[in-house]
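Observations on chain architecture
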Amino acid sequence: MAFVITGPCETEKAGECVTVCPVDCIEEGQDQFYINPDICIDCGACKAVCPVDAIEEEYDLTPEQETYLEKAEKYFGI
Ligand code: SF4
Ligand code: SF4
């Protein structure tokens, strides 16, 4: 399981999450930031600091938000 960055990041993209991630697994993509699901240790630190509540736990994703996990996997070549 991992945390996943969803739609609201596409307009905010401030990067607060990157500075708090203890395993440095968040990267800035062209349209949003992405969490590497193979490295994320599920600590939740990023979710706590996101100003637009864009970060969700994988098991909490709605069917519409599942596409953001697929986008992250594609970004990291997983
Ligand atoms: S803190 Fe939220 S809005 Fe900012 S880059 Fe991270 S996911 Fe995107
Ligand atoms: S849950 Fe923790 S390890 Fe995973 S991306 Fe967020 S800050 Fe990094």
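First, a word on what this report is: a plain description of the structure on this page.

Rules of the game
Residues numbered from 1 in each chain as written. Chains lettered and ligands numbered in written order. Predicted model: local features only at pLDDT ≥ 70, side-chain atom pairs only at ≥ 80, totals over all residues. Heavy atoms only, no water. Helix = DSSP H or I, 4+ residues; strand = E, 2+ residues; numbered from the N terminus. Rg over C-alpha atoms; globule rule 2.2 N^0.38 Å. Buried < 20%, exposed > 50% of the residue type's maximum accessible area, 1.4 Å probe, protein only. Contact = heavy atoms within 4.5 Å. Areas by Shrake-Rupley, 256 points an atom, 1.4 Å probe, with all protein chains shown as cover. Lys, Arg positive; Asp, Glu negative; His and termini not counted. Charge placed at Lys NZ, Arg CZ, Asp CG, Glu CD. Near = heavy atom within 4 Å.

Our next topic: the overall build of the chain. Each helix and strand in the chain was counted, giving 4 helices and 4 strands. The order of helices and strands in the chain, counted from the N terminus, is β-α-α-β-β-α-β-α. The globule rule puts the C-alpha radius of gyration for 78 residues at 12 Å, and the 11 Å found for the chain is close to it. Dimensions of the chain along its principal axes, counting C-alpha atoms only, are 25 × 25 × 25 Å. A buried classification covers 40% of the 78 residues belonging to the chain. For the chain, contacts bridging at least 24 residues in sequence account for 67% of all contacts bridging at least 6. With the model as given, the accessible surface of the chain reaches about 4,400 Å², and the carbon-plus-sulfur share is 48%. Of the charged side chains in the chain, 4 are positive and 18 negative; the average position of the first set lies 7 Å away from that of the second.

Taken together, 13 residues form the shell around ligand 1, and within it C9, G15, E16, C17 and C50 come nearest. Looking at the shell around ligand 1, the elements with two or more residues in it are α1 (9-12) and α2 (16-20).

Attention shifts here to unusual backbone geometry. A positive phi angle is found at D24, which is not glycine, with a value near 55°. Relative to the assigned elements, D24 resides in the loop between α2 and β2 (26-28). Positive phi, normally seen in glycine, also occurs at D53, with a value near 50°. As for its placement among the helices and strands, D53 is situated in the loop between α3 (45-49) and β4 (55-57).

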